[in-house]
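If you want the building blocks of each chain, they are given just below.
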Amino acid sequence: MTMRTLRSAAPPKYRLRFLLQEFNLPFGITIIGRADDCQVTLFDPSVSRQHARIIVDERCALIEDLKSRNGCRVNGVKIQGPVELAEGDRIRIGTQELVFGVAYESSHVQRRDTGSICFCAACRTAYASEMGTCPNCGATARGPASSAGGDDESATQPRRRRSGPPSH
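In this text the structure is predicted, and so the values were computed from the model without any measurement.

Engineer: I tried to follow the side chain of Asp-89 on my own but got confused; where do I start?
Structural biologist: Residue position: Asp-89 is located in the loop between β9 (83–84) and β10 (90–93). Arg-90 is the oppositely charged side chain nearest to the buried, salt-bridge-free Asp-89, at an N-O distance of 8.7 Å. Aside from chain neighbours lying at most four places away, what touches Asp-89 is Val-74, Asn-75, Glu-84, Leu-98, Val-99 and Phe-100.

Engineer: What am I meant to see in the pairing of strand β1 (residues 14–18) here?
Structural biologist: If a strand is regular, its side chains alternate between the two faces of the sheet. Counting buried positions over the 5 residues of β1 gives 4, a clear majority of the element. Where β1 lies against strand β2 (residues 21–25), 5 bridges are found, and the strand directions are antiparallel. Each residue of the ladder has a partner; that of Arg-15, found in β2, is Asn-24. Between β1 and the antiparallel strand that follows it, β2, lie 2 residues; Leu-19 among them carries a positive phi value of about 50 degrees. Taken together, the 4 bridges between β1 and strand β11 (residues 96–102) define a ladder with antiparallel strand orientation. Bridge pairing links Arg-15 to Gly-101 in β11.

Calculation rules
Residues numbered from 1 in each chain as written. Predicted model: local features only at pLDDT ≥ 70, side-chain atom pairs only at ≥ 80, totals over all residues. Heavy atoms only, no water. Helix = DSSP H or I, 4+ residues; strand = E, 2+ residues; numbered from the N terminus. Buried < 20%, exposed > 50% of the residue type's maximum accessible area, 1.4 Å probe, protein only. Lys, Arg positive; Asp, Glu negative; His and termini not counted. Salt bridge = Lys/Arg side-chain N within 4 Å of Asp/Glu carboxyl O. Contact = heavy atoms within 4.5 Å. Pairing = 2+ DSSP bridges.

Quick look at the structure:
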C-alpha cells in the first residue's frame, strides 16, 4: 500500500539524523523503507519495503510502524500504533538507528530532502549511497575499492566471504 499526500513548501520543522546526514521532514507523510519510492530509503535486508511512516503536521510529528516484519522501536521500546516523537528520540528501523530532532536554521550536518542509505555487506557499516564506497572498509557494490597509487596488493585480491557466525 502506497500512501501519498500533498507536501507543503513551508520550511521543515523536523529532521532525521543518520550518521553525518540530516533528512528534512516536510509536512505530510514521509515513508521510510527499503523500496526506491520511499522518501528515506534504507538499503538493509532487515528493513521492510515500506517499514514506517512519519506524519508531520502543524502540531507534532508521529511515527507509525507499517506492519513491518521487524517492527520499529523508539528509545528502545517497540511501538504499537502511532507514537509522538520528541527532540532526541532514537528510532530503530531494522538494524539502523536514526535520531529525530527539531530543524534549526544553522547546522554543520549535510541536509537533504530525501536520501538513500547503503548497508555494507562486507563490514555491516551503514553509509550514504552517494559516497560510492564504504567509508569503513572501502567496499563498493562492484567489489573492494582500489588504492590511488595502484600498488596496494590487497586492492586487487577478491574479498573473502565469511562463513559461519560473525566473530565479536
